[in-house]
Amino acid sequence: PELTLKILGHQWFWSYEISEFNSCQKQEQSLKYVCYMMVLDGLPSTKQGYFRLLETNKRVILPTNTHLRLLVSAADVLHSWAVPSFGLKVDACPGRLNQVNLFIKRIGVFFGQCSEICGVNHGFMPIVIVSLPTVQFH
């Protein structure tokens, strides 16, 4: 795999890390960020093009036509990282590390959410993936 995305499920948000990210400034740089669901007040005033309960404060950007490795785990309770458009559903278990390979063939915006009943806010753990051409990603 050319790129590894580490996914960690928390109650009730996702955190991501890309540790093999090479940028123009530094060779050894890692991207870490957390994604929370956007509340209705946080969306732009027109709200056109946004999906309520599926929009996050940050989107995961991944390259197309690249072999990707996803490492999925959880920090607290069972979660399940699911993106139906990719045909992916990976359980995130505390203390376990699950791996899945992914090869995105087309550009676009893909939505998913936690598909394991992990607590009271289980329905509020959306996933948003943006796939870009490899040239634009780097």
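To be clear, the structure that these remarks concern was listed above.
Now for a look at the structure at hand. Computed from a prediction, not measured in an experiment: that's the story for all the values here.

**Focus on the packing of aromatic side chains**
And step 1. Per the stated rule, a full pass over the model turns up four aromatic pairs.
And step 2. Consider the rings of Phe51 and Phe111, whose centres lie 5.1 Å apart with planes at 80 degrees: the pair is edge-to-face. Linking Phe51 in the loop between β3 (29-35) and β4 (60-63) with Phe111 in strand β9 (residues 108-114), this pair joins segments that are 60 residues apart in sequence.

**Here we look at the pairing of strand β6 (residues 79-83)**
And step 1. Most of β6 is tucked away: five of the five residues are buried.
And step 2. Burial along β6 is two-sided: the residues His79, Trp81 and Val83 and Ser80 and Ala82 are all buried.
And step 3. Looking at chain direction, β6 and strand β7 (residues 88-92) are connected through five bridges and run antiparallel. Looking at β7, one finds that Trp81 is bridged to Val90.
And step 4. A loop of four residues connects β6 with β7, the two strands running antiparallel in sequence, and Gly87 in this loop sits at a positive phi of about 70 degrees.

Cut-offs and rules
Residues numbered from 1 in each chain as written. Predicted model: local features only at pLDDT ≥ 70, side-chain atom pairs only at ≥ 80, totals over all residues. Heavy atoms only, no water. Phe/Tyr/Trp six-rings, centres within 6.5 Å; stacked < 30°, edge-to-face > 60°. Helix = DSSP H or I, 4+ residues; strand = E, 2+ residues; numbered from the N terminus. Buried < 20%, exposed > 50% of the residue type's maximum accessible area, 1.4 Å probe, protein only. Pairing = 2+ DSSP bridges.

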